[in-house]
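Single-letter residue listing:
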Amino acid sequence: MKKLEEYVKSIPDFPEKGIIFRDVTSVLQDADGLHLAIDTMQEKIKDLDYDVVVGPESRGFIFGTPIAYNNHKPFVLIRKKGKLPRETVSATYDLEYGSATIEMHKDSIKPGQKVLIVDDLIATGGTTEAMIRLIESLGGEVAGVVVLIELAGLKGRERISRYRLESAICYEGK
Ligand SMILES: O=P(O)(O)OC[C@H]1O[C@H](OP(=O)(O)OP(=O)(O)O)[C@H](O)[C@@H]1O
Ligand SMILES: Nc1ncnc2[nH]cnc12
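Below, the structure is looked at part by part. Fair warning: this is a prediction, and the values are worked out from it, not measured in the lab.

Conventions we followed
- Residue positions are counted from 1 within each chain, in the order its sequence is given.
- As a convention, the first chain written is A and the first ligand written is 1, with the rest following in written order.
- Totals for whole chains, interfaces and linings use all residues, but because this is a predicted model, local features are given only for residues with pLDDT of at least 70 and pairs of side-chain atoms are given and counted only at 80 or more.
- Where side-chain values are given, they derive from all heavy atoms of the structure, hydrogens and water being excluded.
- Starting at the N terminus, helices and strands are each numbered in turn, a helix being any DSSP run of H or I of at least four residues and a strand any DSSP run of E of at least two.
- We take the radius of gyration over the C-alpha atoms and set the globule estimate at 2.2 Å times the residue count to the 0.38 power.
- For every residue, the accessible area obtained with a 1.4 Å probe (protein chains only) is divided by the maximum for its type, and the residue is called buried under 20%, exposed over 50%, and partly exposed between those limits.
- Any two residues whose heavy atoms approach within 4.5 Å at even a single point are treated as in contact.
- The accessible surface values rely on the Shrake-Rupley method and a 1.4 Å probe; as for residues, cover is taken only from the protein chains in view.
- Positive charge is attributed to Lys and Arg, negative charge to Asp and Glu, and no charge count is given to His or to the chain ends.
- Charge positions come from single atoms, namely NZ of Lys, CZ of Arg, CG of Asp or CD of Glu.
- Being near a molecule or strand, for a residue, means having at least one of its heavy atoms within 4 Å of it.
- We define a polar contact as two N or O atoms separated by no more than 3.5 Å, with the added condition that, inside protein, one atom must be a possible hydrogen donor and the other a possible acceptor, whereas residues neighbouring each other in sequence contribute only through side-chain atom pairs.
- Under the convention used throughout, the expected extent of a helix is 1.5 Å for every residue step, that is, one less than its residue count.
- Arc definition: it is the arc formed by the directions from the helix axis to the C-beta atoms.
- Here a strand pair is declared whenever DSSP counts at least two bridges between the two strands.
- Axis geometry follows a simple rule: fit a line to the C-alpha atoms, using only the stretch in contact for helices, then measure angles between N-to-C directions, giving values from 0 to 180 degrees.

## What about the overall build of the chain?
Stage number 1. Scanning the chain from terminus to terminus reveals 5 helices and 9 strands.
Stage number 2. Counting from the amino terminus, helix and strand elements in the chain follow one another as β-β-α-α-β-α-β-β-β-β-α-β-α-β.
Stage number 3. Taken against the 2.2 N^0.38 rule, which gives 16 Å for 174 residues, the C-alpha radius of gyration of the chain at 15 Å falls within 12% of a compact globule.
Stage number 4. When its C-alpha atoms are laid out on the principal axes, the chain stretches across 40 × 35 × 30 Å.
Stage number 5. Sorting the 174 residues of the chain into buried and exposed places 48% on the buried side.
Stage number 6. The contacts of the chain with a sequence gap of at least 6 include a subset with a gap of at least 24, amounting to 59%.
Stage number 7. Carbon and sulfur atoms make up 49% of the accessible area of the chain, which amounts to about 8700 Å² in all.
Stage number 8. Between the averaged position of the 24 positive side-chain charges in the chain and that of its 27 negative side-chain charges there is a distance of 3 Å.

See below:
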């Protein structure tokens, strides 16, 4: 069986020059790759105590939902601006390329709940930091963050150094 990192394809200069895009579709479109990705992420946080899984649109949904389902936890969506129908809180942040505003429903986290954040990838950590702001503004406690891929050269780990971060694959550069 292949190693997890062998399923990830790296595409230079996408979506713009200078970015190496770490493509998770090549992991997902292989049954063994998909199993290995979810199983490895779960293994990394098997000792963690949490009540709710939170994942951001869109690739965070793919990895967050199976982890929530397998561990019988609820899954809360963080969406890009304008997609959630009820009362929301929002945060704006910069990305490795571009900027974005994300939102979550005000009633999605109860004060004191312990939250596991799941995403496909951490680069600059801007998305994760914005998610932490939203969760904490609702009174949630961030128990930890698990991602499939960490781009260590972009220093996301340093940006959220107060929190536990686990990654299944770590690239030293970007
Ligand atoms: O650590 P950062 O520098 O914030 O970058 C990481 C984020 O960027 C990507 O999402 P993107 O906003 O591109 O959305 P997508 O999943 O819909 O493609 C990725 O899925 C992470 O959420
Ligand atoms: N280099 C990268 N590859 C894939 N997704 C990303 N999201 C932010 N930076 C990325």
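From this point on, the discussion continues.
## Considering the site of ligand 1
Stage number 1. Lining the immediate environment of ligand 1, one finds 16 residues, of which Ser 58, Asp 119, Asp 120, Thr 124 and Thr 127 sit closest.
Stage number 2. In the model, an oxygen atom of ligand 1 is placed 2.5 Å from a nitrogen or oxygen of the Asp 119 side chain.
Stage number 3. In the environment of ligand 1, an oxygen atom lies 2.8 Å from a nitrogen or oxygen atom belonging to the backbone of Gly 125.
Stage number 4. Protein burial of ligand 1: of its 500 Å² of free accessible surface, 88% is covered by the chains.

## Section: helix α2 (residues 31-44)
Stage number 1. The terminal C-alpha atoms of α2 lie 20 Å apart, and with 14 residues this matches the ideal 20 Å at 1.5 Å per residue to within 8%.
Stage number 2. Along α2, the residues classified as buried are Gly 33, Ala 37, Ile 38, Met 41 and Gln 42. Down the axis, α2 shows its buried residues gathered within 160° of arc, on one side only. Set apart from the buried face of α2 by more than 90 degrees, the exposed residues are Ala 31 and His 35.
Stage number 3. Tucked into the core, α2 has its buried residues touching α1 (25-28), α3 (59-70), β7 (114-122), β8 (141-151) and β9 (165-171).
Stage number 4. Where α2 begins, the side chain of Asp 30 points an oxygen toward the backbone nitrogen of Asp 32, at a separation of 2.9 Å.

## Details of the environment of Arg 79
Stage number 1. If you trace the backbone, Arg 79 turns up in strand β4 (residues 75-80).
Stage number 2. Sequence spacing of Arg 79 and Val 115 is 36 residues, and the spatial spacing of their C-alpha atoms is 17 Å.
Stage number 3. Not counting chain neighbours up to four residues away, the residues in contact with Arg 79 comprise Glu 57, Phe 61, Leu 84, Thr 101, Ile 102 and Glu 103.
Stage number 4. One polar contact links Arg 79 to Glu 57, side chain to side chain, over a distance of 3.0 Å.

## Comments concerning the environment of Val 76
Stage number 1. Among the secondary structure elements, Val 76 is positioned in strand β4.
Stage number 2. Sequence spacing of Val 76 and His 35 is 41 residues, and the spatial spacing of their C-alpha atoms is 22 Å.
Stage number 3. Sequence-distant contacts of Val 76, that is, excluding residues within four places in its chain, are made with Val 52, Val 53, Val 54, Gly 55, Met 104 and Ser 108.

## A short note on the sheet that holds β8
Stage number 1. Taken together, the 7 strands give an open sheet; going across it, the order is β5-β6-β4-β3-β7-β8-β9, and neighbouring strands pair in mixed fashion. The strands lining the two open edges of the sheet, one partner per strand, are β5 (88-94) and β9. Adjacent strand axes in the sheet meet at a mean angle of 20° when their direction is disregarded.
Stage number 2. In the sheet, strand β3 (residues 52-56) pairs with β7 via 3 bridges, with the strands oriented parallel. From the neighbouring strand, Val 52 faces β7, where its bridge partner is Val 115.
Stage number 3. Sheet strands in contact with helix α4 (residues 126-137) are β3, β4, β5, β6 (99-105), β7 and β8, and its direction is about 155° off that of β5.

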